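Residue strings, one per chain:
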Amino acid sequence: SGKTIYSYNANGTLWQIDYHQKKPQQSDLKLYHYDQFVYNGNVIEKINRFDENAVKVGATIFTFNGQGKIINMHQHSYGTDTYASVDYGSETGVSGITIDYLYNNGQAMAYNMKFKGGNKVEDQATSSTGASEGGTYSYDFNINPYAHMNLPDIYLSNLSKNNMISQQKAYSGSIPSGVPYKFDYAYDAQGYPIELTKHYKSYVTGQDLYKTKTIYTY
C-alpha cells in the first residue's frame, strides 16, 4: 500500500510531493521521502529529495534551451550521480527524443522515444553492457493528469497526453519477473482518471500474476 500527495503553490505550480508507504512491520502508512521543487520563473530547475527525517538525500537538476525544452539533467542520489543529455528530432508525423545517460560507474545507456499524436508510442533503451529493453504502447483518448503537472524526471516519463491501455515489451539481459500488460480505467465526467487497475503477467510464461489498483483524488 502507498499514497502520494501533491501540494501546490498559490500560482498552481507544484511545491512538494510526499511519498507514503506501508512497510511489513507497520500497521499504517508512513512518510518515507518527499520532493521539493525549485523554480526559475515557472520552470522547474531543481528537485530536492529528502528522507523521512528531512535529511537531503538527493537532487535532480534540469537545464533548458531557448525553447524551454530540457537539454541536460544531473541526478544525485545517495552518493551516486547520473548525467543525461537530451536531443530532439522528428520524422514525418513522428517526433523523437534521444537521451544519453552516463553513470558514475562508467557505464552508459542510450534511450530513444518516438511520439505520435502527443503520446509515446515506441521506445528502446540500450546499455553499454549490451542489455536492452524496448516497447510499443497504445492509448485511449482521455486525460493523463501527469502531463499537465509540469512534472519532469530524469526519464521524461510524464509527457504522454493520454492514458496507456496496453504495452508490448521485449528485454535482453535483465528480465523482470512481472510486466504490466493491461490497464483498466474509470473516469470522471471531465475525462480524468479516478481509478486504474493494472494487470501484470510473467514475461517468460505469460501467466497472470497479480494486479494493482490506484485511486486518484482531485
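Attention in this report is confined to the structure presented alongside it. Note that this is a predicted model, so its numbers are computed, not measured.

Cut-off values and rules
- Residues numbered from 1 in each chain as written.
- Predicted model: local features only at pLDDT ≥ 70, side-chain atom pairs only at ≥ 80, totals over all residues.
- Heavy atoms only, no water.
- Helix = DSSP H or I, 4+ residues; strand = E, 2+ residues; numbered from the N terminus.
- Rg over C-alpha atoms; globule rule 2.2 N^0.38 Å.
- Buried < 20%, exposed > 50% of the residue type's maximum accessible area, 1.4 Å probe, protein only.
- Contact = heavy atoms within 4.5 Å.
- Phe/Tyr/Trp six-rings, centres within 6.5 Å; stacked < 30°, edge-to-face > 60°.
- Lys NZ or Arg CZ within 6 Å of the ring centre and 35° of its normal.
- Core = buried A, V, L, I, M, F, W, Y, C linked by side-chain atoms within 4.5 Å.
- Polar contact = N/O pair within 3.5 Å; in protein donor to acceptor, adjacent residues only side chain to side chain.
- Pairing = 2+ DSSP bridges.

Here's the deal with the overall build of the protein chain
Part 1 of the argument: Within the protein chain one finds zero helices and 15 strands.
Part 2 of the argument: In summary, the protein chain has a C-alpha radius of gyration of 18 Å against a globular reference of 17 Å for 218 residues, a match within 12%.
Part 3 of the argument: Along the first, second and third principal axes, the C-alpha set of the protein chain runs to 45 × 45 × 40 Å.
Part 4 of the argument: For the protein chain, with 218 residues in total, the buried portion stands at 33%.
Part 5 of the argument: Pairs at least 24 apart in sequence give 26% of the contacts found in the protein chain among residues at least 6 apart.

As for the environment of Ser157
Part 1 of the argument: Mapped onto the elements, Ser157 comes out in the loop between strand E11 (132-139) and strand E12 (164-172).
Part 2 of the argument: For Ser157 and Lys120, which are 37 residues apart along the polypeptide, the C-alpha to C-alpha distance reads 9.1 Å.

Re the packing of aromatic side chains
Part 1 of the argument: Scanning the entire structure with this criterion turns up nine aromatic pairs.
Part 2 of the argument: Taking 5.6 Å as the distance between ring centres and 20° as the angle between the ring planes, the aromatic pair formed by Tyr185 and Tyr187 counts as stacked.
Part 3 of the argument: Judged by relative accessible area, which is 22%, Tyr185 ranks as partly exposed.
Part 4 of the argument: The exposure class assigned to Tyr187 is partly exposed, which follows from its relative accessible area of 24%.
Part 5 of the argument: An aromatic cluster is defined as three or more aromatic residues linked by ring pairs; in this entry it consists of Tyr6, Tyr146 and Tyr216.
Part 6 of the argument: Positioned over the ring face of Tyr88 is Lys69, at 4.8 Å from the centre of the ring.
Part 7 of the argument: Its end group placed over the ring of Tyr137, Lys120 keeps NZ or CZ at 5.0 Å from the ring centre.

Some words on the nonpolar core
Part 1 of the argument: Counting residues in each nonpolar core, the largest one holds 23 residues, and the members touching the most others are Met73, Ile99 and Leu156.
Part 2 of the argument: Residue assignment for this core shows that the elements contributing at least two residues are strand E2 (14-21), strand E4 (43-51), strand E6 (70-77), strand E7 (80-91), strand E8 (94-103) and strand E9 (108-116).
Part 3 of the argument: Examining the composition of this core, we find that four residues originate from one element, E9, more than from any other.
Part 4 of the argument: With six residues, the next largest nonpolar core counts Tyr137, Met164, Leu196 and Tyr216 among its residues.

Focus on the environment of Thr98
Part 1 of the argument: Within the element layout of this structure, Thr98 appears in strand E8.
Part 2 of the argument: Spatially, the C-alpha atom of Thr98 lies 5.8 Å from that of Val86, the residues being 12 residues apart in sequence.
Part 3 of the argument: Once residues within four sequence positions are removed from consideration, Thr98 is found in contact with Ser85, Val86, Asp87, Tyr111 and Asn112.
Part 4 of the argument: Looking at Thr98, its side chain comes within polar contact range of the side chain of Asn112, at 2.8 Å.

A look at the environment of His199
Part 1 of the argument: Relative to the elements of secondary structure, His199 occurs in strand E14 (residues 193-202).
Part 2 of the argument: With 180 residues separating them in the primary sequence, His199 and Tyr19 have C-alpha atoms 23 Å apart.
Part 3 of the argument: Contact partners of His199, with chain neighbours within four places excluded, come to Val179, Pro180, Tyr181, Lys182, Asp184, Tyr210 and Lys211.

Quick word on the pairing of E8
Part 1 of the argument: Two strands pair when backbone bridges link them, and E7 and E8 are joined in this way by 10 bridges, in the antiparallel orientation. Of the residues in E8, the one forming a bridge with Asp87 is Thr98.
Part 2 of the argument: Hairpin remark: E7 followed by E8, antiparallel, with two residues in the connecting loop; positive phi at Gly93, about 75°.
Part 3 of the argument: Here E8 pairs with E9 via eight bridges, running antiparallel. Within the sheet, the bridge partner assigned to Thr98 lies in E9 and is Asn112.
Part 4 of the argument: Where E8 folds back on E9, the antiparallel hairpin that results is connected by four residues, among which Gly106 adopts a positive phi of roughly 95°.

So far we have only geometry, and geometry alone does not tell us how the molecule works.
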